[in-house]
Amino acid sequence: MILWWGVPEHSLEDGFRCRRLQAGSINNKHCVPSLAVPGLKMNVLNMRVHQKWGFEGSGCKFIVSTSFSHQAEHNWDITQKGYEKKRAKLLAPYVPQTQGVDPALQKESRTQMPVPSATPASASSSSSSSKFHRARSGGARDERYRSDIHTEAVQAALAKHKEQKMALPMPTKRRSTFVQSPADACTPPDTSSASEDEGSLRRQAALSAALHQSLQNAESWINRSIQGSSTSSSASSTLSHGEGKGTSGSLADVFANTRIENFSVPPDVTATTSSSSARPAAIDLPPSGIVKGMHKGSNRSSLMDTADGVPVSSRVSTKIQQLLNTLKRPKRPPLKEFFVDDFEEIVEVPQPDPNQPKPEGRQMTPVKGEPLGVVCNWPPALEAALQRWGTTQAKCPCLTALDVTGKPVYTLTYGKLWSRSLKLAYTLLNKLGTKNEPVLKPGDRVALVYPNNDPVMFMVAFYGCLLAEVIPVPIEDAGGQQIGFLLGSCGIALALTTEVCLKGLPKTQNGEIVQFKGWPRLKWVVTDSKYLSKSPKDWQPNISAAGTEPAYIEYKTSKEGSVMGVTVSRIAMLSHCQALSQACNYSEGETIVNVLDFKKDAGLWHGILTNVMNKLHTISVPYSVMKTCPLSWVQRVHAHKAKVALVKCRDLHWAMMAHRDQRDVSLSSLRMLIVTDGANPWSVSSCDAFLSLFQSHGLKPEAICPCATSPEAMTIAIRRPGVPGAPLPGRAILSMNGLSFGVIRVNTEDKNSALTVQDVGHVMPGGMMCIVKPDGPPQLCKTDEIGEICVSSRAGGMMYYGLTGVTKNTFEVIPVNSAGSPVGDVPFVRSGLLGFVGPGSLVFVVGKMDGLLTVSGRRHNADDIVATGLAVESIKTVYRGRIAVFSVSVFYDERIVVVAEQRPDASEEDSFQWMSRVLQAIDSIHQVGVYCLALVPANTLPKTPLGGIHISQTKQHFLEGSLHPCNILMCPHTCVTNLPKPRQKQPGVGPASVMVGNLVAGKRIAQASGRDLGQIEDNDLVKKHQFLTEVLQWRAQATPDHPLFLLLNAKGTTVCTATCLQLHKKAERIASVLCDKGHLNAGDNVVLLYPPGIELITAFYGCLYAGCIPVTVRPPHAQSLTATLPTVRMIVEVSKAACILTTQTLMRLLKSREAAAAVDVKTWPTIIDTDDLPRKRLSQIYKPPTPEMLAYLDFSVSTTGMLTGVKMSHAAVSGLCRAIKLQCELYSSRQIAICLDPYCGLGFVLWCLCSVYSGHQSILIPPMELESNLFLWLSTVSQYKIRDTFCSYSVMELCTKGLGNQVEMLKARGINLSCVRTCVVVAEERPRVSLTHSFSKLFKDIGLSSRAVSTTFGSRVNVAICLQGTSGPDPTTVYVDLKSLRHDRVRLVERGAPQSLLLSESGKILPGVKVVIVNPETKGPLGDSHLGEIWVNSPHTASGYYTIYDNETLQADHFNTRLSFGDAAQTLWARTGYLGFVRRTELTAASGERHDALYVVGALDETLELRGLRYHPIDIETSVSRTHRSIAECAVFTWTNLLVVVVELCGCEQEALDLVPLVTNVVLEEHYLIVGVVVVVDPGVIPINSRGEKQRMHLRDSFLADQLDPIYVAYNM
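Scoring rules and cut-offs
- Residues numbered from 1 in each chain as written.
- Predicted model: local features only at pLDDT ≥ 70, side-chain atom pairs only at ≥ 80, totals over all residues.
- Heavy atoms only, no water.
- Helix = DSSP H or I, 4+ residues; strand = E, 2+ residues; numbered from the N terminus.
- Contact = heavy atoms within 4.5 Å.
- Areas by Shrake-Rupley, 256 points an atom, 1.4 Å probe, with all protein chains shown as cover.
- Pairing = 2+ DSSP bridges.
- Axes fitted to C-alpha atoms, helices over the stretch in contact; angles between N-to-C directions.
- Buried < 20%, exposed > 50% of the residue type's maximum accessible area, 1.4 Å probe, protein only.
- Salt bridge = Lys/Arg side-chain N within 4 Å of Asp/Glu carboxyl O.
- Right-handed = clockwise from strand over helix to strand, strands pointing away.

Draft legend 1. Expanded view of the overall build of the protein. Broken down by element type, the protein carries 43 helices and 65 strands. Across the protein, every contact between residues at least 6 apart in sequence was considered, and the portion connecting residues at least 24 apart equals 76%. Accessible surface computed for the protein: about 61,300 Å², of which carbon and sulfur atoms make up 53%.

Draft legend 2. Examining the sheet that holds strand S65 (residues 1608–1611) more closely. Strand order in the open sheet formed by five strands is S5-S65-S64-S63-S62, with mixed pairing between adjacent strands. This sheet does not close on itself; its edge strands, each paired only once, are strand S5 (172–173) and strand S62 (1527–1535). By the bridge criterion, six bridges tie strand S63 (residues 1538–1545) to strand S64 (residues 1571–1577) in an arrangement that is parallel. Bridged to Leu1539 within S64 is Val1571. Packed on one face of the sheet, helix H42 (residues 1555–1567) meets S62, S63, S64 and S65 and runs near 135° to S64.

Draft legend 3. Region of interest: unusual backbone geometry. We note that Ser856 has phi near 50°; this positive angle belongs to a residue other than glycine. In this structure, Ser856 sits in the loop between strand S29 (852–855) and strand S30 (858–861). Using a relative accessible area of 30% as the deciding quantity, one classes Ser856 as partly exposed. Located in the positive-phi region is Lys1419, a residue other than glycine, with phi close to 60°. Assignment of secondary structure puts Lys1419 in the loop between strand S55 (1410–1414) and strand S56 (1428–1433).

Draft legend 4. Summary view of the sheet that holds strand S13 (residues 550–557). The strand order across the open sheet formed by three strands is S13-S14-S26, and the pairing between neighbours is antiparallel. Where the open sheet ends on each side, the last strands, each with one partner, are S13 and strand S26 (799–800). Judged from the seven bridges that link them, S13 and strand S14 (residues 563–569) form a sheet pairing that is antiparallel. In the sheet register, Pro550 faces S14, and the bridge partner there is Ser569.

Draft legend 5. How the structure looks around the pattern of salt bridges. Enumeration over the complete set of coordinates arrives at 47 salt bridges. Linking Glu788 and Arg830 is a salt bridge whose minimum nitrogen-to-oxygen distance equals 2.7 Å. Placement of the pair is Glu788 in strand S25 (residues 787–792) and Arg830 in strand S27 (residues 829–837), with a sequence separation of 42 residues. Comparing Glu788 with Arg830, the two get one shared label, buried. In this structure, the salt-bridge partner of Arg1347 is Asp1370, at a minimum N-O distance of 2.7 Å. Separated by 23 residues along the polypeptide, Arg1347 in the loop between helix H38 (1329–1338) and strand S51 (1349–1351) and Asp1370 in the loop between S51 and strand S52 (1373–1377) bring together distant segments of the chain. With relative accessibility at 57%, the residue Arg1347 sits in the exposed group.

Draft legend 6. Up close: the pairing of strand S19 (residues 704–710). Of all seven residues in S19, seven are buried; the element is thus mostly enclosed. Side chains of S19 alternate between two faces, with Ile704, Pro706, Ala708 and Ser710 and Cys705, Cys707 and Thr709 buried alike. Here three bridges tie strand S18 (residues 672–675) to S19, and the two strands are oriented parallel to one another. Bridged to Ile674 within S19 is Cys705. As for the winding sense of the linkage, the β-α-β connection from S18 through helix H19 (residues 683–694) to S19 is right-handed. Pairing between S19 and strand S20 (residues 714–718): four bridges, direction antiparallel. Paired with Ser710 across the bridge in S20 is Met714. Here S19 folds back onto S20 in antiparallel fashion, the turn holding three residues.

Written out as structure tokens, the structure is:
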């Protein structure tokens, strides 16, 4: 037992000057003495406890570190119960007493800690052997990180968390996704991971039942919804223009306050066939019972809706509820209040904690090692030592190699080493080139490529290079790209290898060795003896005294993964060997066993270099042997009576696992067991455990010698072999909290977060050490401060070869004092290790610079976090303890990522349990949040050559999205604490202060208009005919045979045409059928249900002739009736249609059995098929009394899932047709090609109305025909030499994706688009600039002009506001700042600016149309380049929403509204519901004035209000789509203030989980938002309507109803 007795605090600065009191040996095999410490008395039996007590009194502090152990005998003298009692009593002060928790539970959580038999001191044979078997099966803990204290600390921390009963939502995973999880590991019911009370589970069950029942009765729902309830589909679209948004309560409140009696839900219209990989035919999905403008009665049915109006009942909602519960916990640092300038979102800079511990000691002074003794027979150079032993002691063994079974296979003598090295040196210098042009000159660098199981060939090659005065660069097995960088930077052109190794290298077809990626061209030389030339008798190598010339280069991998070469001079190599010889007290002829890599680090220094200096005999045990026989090194020590063994903690651990296999090994010969990774703070546990197990095999406690090394400073410190009976070195028990702030504090406060570290001995002989601050200038640390260890000695590296800049900062460091002035002029080398100098000048290492994770200004060590992860019952989950910890930079700070390999037999439940516990443990012990925790299948992490985890490659895979996890947990809500403060909206400025004439606060009012209709000359046609029916009759008389329409099929052949007369005649016959068969009256509504074609047009005019109001509806899809028929049903219901006109095929479909399964087919109105019409003339064609009478109804489903029908009057129809005619210059001699859906908006107008009005010929191409023939549209345009063509975004995307790589084929088919003057995309959204640019670029090779492509803009209130047309300037583009857009501002930036968004003008404003930009809240006009709602005034604006009870008060202001002030306040405007801005350009409009461009930013309905800012989904989706090649499509929506991102995966399913961190990162980085849920689905699941727009609300409803069949759902914590 060791006491560290602290002196009064004021002398702490002397850096722990302590007396050590020896009080009974640590490993007393008999009774443990009672402790005689004042106020503390106890006796401990049959157990090992390791605890700390801090005492204070009379200005004195000291800490006692006790280590009791008692060998377990088989006759137990204390019962298990008694043991538990005693143990509980001992640990009572340290295990938190949990209030309100069942004591049994608490006991259980404590007894889950490792039982004493698992602790090294008292491992009984049975437990140990079972442990070995368990470990070999792949579940072993990595014992390097083993620590009982730490395990208990972790258990205590987890017990504390158990009180909070926090259930984390378990991710949802499709069963097929990951083959490695067993079948029963599919997603369990939520109760498994939930901590809800029984009542809530009952509520859940009741909800599910109610949902099921109501889904079967969708019909009653429709009826009820029409009579009463109509809820909005999204919180933001309740009143889409800001007139009082509904407050969104959290899901929890909804759960608490709902009574489930007769709640109803929308029909299941979401089950799109997601199993097929192709996206189903475009479907206009119906809203969830939302009809804009429907009468809202007072008797709302008790639809249990949440904030967003969607029923809560699925397991998805339960999980989101759990997620919301976890997010209610306070974040670790509470956010500070600060002011935000609206323009710049200020990212919070973490402020230093005022209570953080600060160093209090004095500045340290450099510590010197003992002087390097001068031994008379030390050689002047290492080569001279080889020459001496090779010639005088030729028979002495130098190196023994083992075969795969661990048996000695070959021993190299000093004579053989000398003669073979000479042969190689001679060959290298004289036999590779010609005499005049040798390939190698002294000083050239040569790569040594030797496998890890061939130390003999390597040693010969290494010394051969030294004798030839060329510089050997030992590297790992060939192939690594980063090694190529090293070879290039060292200018290496020659590689030495063995014949076997050369045969194993990959070859090209003609037998040459493959050129590895990133490698320079190499010449390969085989060094097997038979290929070497014997040197002539008179040839002698030049062996001079060691100087500063380079001897060899040792490679080192940096934290980022780059490989650098540390150059070691001949004098440094020699001095290092001398220092090691003195420190380790080597004597000639000793045998050492080396388990390390002999090509670098301690394996090279001891086993290859110091070996020759002292004529030692090295037994080299390769890694491959260790894998098959973990005890082989112990057996070699026993067999050869070795004095020294070189191992890592890993080897100690393996030997402990396997030691039962062989009882009779003795380690009594060992005077030094050098533990070369003693710098890992967790090595202390391995050393203790190994000692306790092998002490009975003769291992002496003083033989364990940890050391610290680094490639730059070489050996930094090593514990000297002790004298038997001398007191053992001490330990420091440090506070992890203190360490995170870089100070040394004896751990007294929190027992859970302590780190026990052992010393690594004293500074090397002839060296000097100091500790400097790890970042910034190399300022000397204080005595109680952690810093980077720097060493000054002749035995250290001299530079990074070829990298002068980095060299200076590492190898030529002059420490400075607190004032910044240099301390002395001796240069030091940075070692890359963090530590401090303790009492008695002992060196303690607490971590590596490479493993340093600096999060919010606090430092954490990756190894410490690995240890915590392993302490959480990792046996069931983690494969062989393989855990990697690194940090990634996301959103202005480092974030911690933990990646572990999952055992093949681990269940989903176990894995998730382990992950959530690890998060809690790391949070408790290290006070830091984990950003991402991922489990990958066993054996899939990139490996280092000796089997460890390659951290930098793992990190690279993680960031590239190629890690392929099988489980993942993201916790951005916990970690990201530096988000800007949410925006508080300022109240608007009053109107009086800003309006000055036509200026708003110094800016011109943002308004624009098309040409004035009154000034444009038109022929008499319009004046003569007010109605479209009159125009058609006039054309049938004047030009009866003029063709108006031409319909093409997929082959491009004409299947149907219609001249003016044919159209008129057919319309008459339909009108007479309506009157006779349908018994309809003027003003009745008629639904037209036709595929795209001429029948639809004739039916439309037939209705007008009969005085009926046509309603065009997309026909249901025969393959997905359940998804598409309810939409038809709903429009028929809502429009109160008296009759349906359709074809015979569709009529049969409407009445089919399949249809009956989806809707109630008995309640259809009269259905008339128009395939065979009687030849009967109409007695009289209906003429409306006034142009304001209704002409037709235009129904469409918006992207927010809103079904809206608008009324179009005859006057509006004529006005619209006239505006389009003028803008596009359409005359009867023209032909246009239309590839659009003809059911609503401008698509319908162009398909059915314009040709009749203007007389031009329309070539109609149904978009669905493109699915079977992609060339159809472009070949038609080329064949008919079309000047103007109209299409939708979906058509353009189809051609871009499908024909992008077939441009040559298009040329071969003779397709030429040079005739096209305008190619117009019809849309009701922000122009998709990237798509239109790609289209133009792709097809410019077949003649498409870059100026041809443009877009239109329309909305529900006015279907055509902008259309490019033939004259006027080209559409302009601007770059705007995305951050400003979120604040409803427009800030123009330069191209390439960060966070910039490219916007294009949406065509020219149509004649007769005026627009103004208005603040949607105040209804006041805005200035130029300000973002606001677009309001429109024009003759062709719709008359209003179609409502059943003509209750228009709700929506009146959408159509007839006035500005709150200004000149235009008398005008009646219609509100489009779109945000945009007007900008005056330098271009000249047709009128001669400067052109005002209108830019559409996005629909108000769709915007997401998050953190007080306004986001457009498309911007987030664009960012997400860029993150990974396998993301086919993406959509976002919000649910209870959580952002949900749905991505379609087009790659293999194992990539699904790679997307989760990438999506989370990009949204955080670019949009300052934390993603709540990431859903990965199959291609084609995101519903897209006929216009190519995503139906996000619909997707949301499907997600919440659990109908997406997702591949994976991740709930971010």
